[in-house]
Amino acid sequence: MGAFPYMANGIGRLCVFDNMTAASLAQHSCSSSRVLAKRIHKRTIQPRAVSTQSSRAWLDRQHKDPYVLKAQELGLPSRAYFKLEEINEKLLHRAIVKKHKANARPRLILNNMLVLDLGAAPGGWSVYASTQLDHNAGGAVVSVDLLPLDFNVTDRIQHELNGRFEFIQGDFTHNNTRRDIIDAFGRLSSDRDLTQAHVVTSLTSTKQQKANLIISDMAANFTGDSSTDAIQTINLCEQSLAFAASGDCFDTSYSPENGDGMLMKTGSFLCKYFTCGEENERDLMSAARRVFQSIHKLKPSASRKESSEMYLLGFNRK
Ligand SMILES: C[S@@+](CC[C@H](N)C(=O)[O-])C[C@H]1O[C@@H](n2cnc3c(N)ncnc32)[C@H](O)[C@@H]1O
């Protein structure tokens with residue numbers, strides 16, 4: 001796999017977000033999941049062909065991009081590595097100081113955390129997270145993607161975390177992938193000395209352990225229509241947040257006492273979205289406000305100025 005495989009297949013791939021997502025959400029027993037599924041259904045999606053000219057311009061830009069070049073030089077799987085690095089080491093601190101006039105230097109990733117990385121391929125965020133964790137302190141990563149991770153990337157993370165890493169290839173919107181995630185967290189937490197945790201062997205759930213941090217860089221397949229892409233990606237963010245804090249957080253009656261979902265109390269959540277207007281972003285932002293002590297909209301410098309890409313950080317679950 002080359003240095004930036006997701007870019008090669010990120011353009012022009014067929015859309016995977018379909019009615020099945022809404023249907024599978026609707027199967028969930030809780031009523032808020034049904035509400036969320038309905039809301040997703042209401043948004044009509046109009047795919048459009050991607051122009052070869054714009055793909056060529058995109059490729060040209062890639063070759064000149066300093067973050068692409070730096071990632072290649074350092075042997076990193078993607079330039080996304082630098083976005084998470086900047087959020088962890090600079091932007092979070094700035095956001096907290098600005099909002100709360102605090103002097104503390106908070107970190108998104110502490111060395112003993114259990115991290116869930118959604119939309120992990122080709123692996124930049126997982127690699128960065130692994131460098132911030134200490135397996136002796138219990139740090140571990142579970143990564144999920146539709147696409148496989150390159151063997152060298154998996155190997156590198158396994159090595160960094162002494163085996164406390166699991167990769168699940170699957171669609172996050174599917175229930176069986178979610179069960180695999182829960183199982184992986186069970187295994188990683190039930191045996192802190194586990195050294196070979198990379199093979200997902202069983203669906204039988206052990207004790208459920210929650211994540212300290214859930215990060216999602218998932219992007220829906222590009223259709224060529226930017227507002228469609230943005231709405232689909234917001235849907236993925238909403239589904240990630242519902243997984244983190246239960247679908248109930250989309251209801252105005254949600255109470256912070258509700259500790260359901262994969263994210264533990266005091267845990268944080270980061271997701272990539274594309275700006276698409278207040279109305280389309282409102283549900284995500286309101287739900288995040290209900291769940292977290294503070295929310296922040298971040299734009300790392302590795303995120304191109306002309307791109308509508310933004311990162312929503314929900315810091316410190318109430
Ligand atoms: C921008 S890339 C992620 C880059 C990655 N964070 C990194 O640091 O290298 C977006 C990824 O989201 C994945 N993705 C999109 N929808 C998904 C889904 N429903 N389930 C799992 N992965 C998904 C894509 O396959 C793609 O690899």
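Predicted model only: the values in this text are computed from it and were never measured.

**Here we look at the pairing of strand β3 (residues 165–169)**
On a regular strand, each side chain points to the face opposite its neighbour's, so the side chains alternate between the two faces of the sheet. Across the five residues that make up β3, a large majority, four, are buried. Bridge analysis of strand β2 (residues 140–145) against β3 gives five bridges, and the strand direction is parallel. By the bridge assignment for β3, D145 is matched with Q169. Crossover connection from β2 via helix α8 (residues 151–160) to parallel β3: handedness right-handed.

**Here's the deal with helix α7 (residues 124–132)**
Taking burial as the measure, the nine residues of α7 include eight buried ones, the bulk of the element. For α7, the set of buried residues is G124, W125, S126, V127, Y128, A129, S130 and Q132.

**Structural notes on the site of the ligand**
Contacts to the ligand come from 22 residues, most closely from S78, A80, G119, G124 and D217. Elements with a minimum of two residues in the shell around the ligand: α7 and β2. Looking at the shell around the ligand residue by residue, the class counts come to 14 nonpolar, five polar and three charged.

**Looking at the confidence of the model for the protein chain**
For any part of a model where pLDDT is low, the fine detail of the predicted coordinates should not be relied upon. In this model, the protein chain carries an average pLDDT of 81, and 75% of its residues clear a pLDDT of 70 or more. Counting interchain partners and residues more than four positions distant, the pLDDT-below-50 stretch residues 1–48 has 78 contacts. Here residues 192–207 is modelled with pLDDT under 50, and outside its nearest four sequence neighbours on either side it reaches 34 contacts, counting other chains as well.

**A look at the packing of helix α10 (residues 226–245) against helix α11 (residues 278–291)**
At a minimum axis distance of 10 Å, the contact between α10 and α11 shows a crossing angle of 20°. When the interaxial angle is binned, α10 and α11 end up roughly parallel. In this structure, α10 meets α11 at a crossing whose hand is left-handed. In this structure, α10 contributes I231, I234, C237, E238, L241 and A245 to the contact, and α11 contributes N280, E281, D283, L284, A287, A288 and V291. For the contact of α10 with α11, the residue count by class is nine nonpolar, one polar and three charged.

Calculation criteria
- Residues numbered from 1 in each chain as written.
- Predicted model: local features only at pLDDT ≥ 70, side-chain atom pairs only at ≥ 80, totals over all residues.
- Buried ≥ 20, exposed ≤ 12 C-beta atoms within 10 Å, placed from the backbone.
- Helix = DSSP H or I, 4+ residues; strand = E, 2+ residues; numbered from the N terminus.
- Pairing = 2+ DSSP bridges.
- Right-handed = clockwise from strand over helix to strand, strands pointing away.
- Near = placed C-beta within 6 Å.
- Nonpolar A, V, L, I, M, F, W, Y, C, P; charged D, E, K, R; others polar.
- pLDDT = per-residue confidence, 0-100.
- Contact = placed C-beta atoms within 7 Å.
- Axes fitted to C-alpha atoms, helices over the stretch in contact; angles between N-to-C directions.
- Parallel < 35°, antiparallel > 145°, perpendicular 65-115°, else oblique.
- Left-handed = near helix turned anticlockwise from the far one by under 90°.

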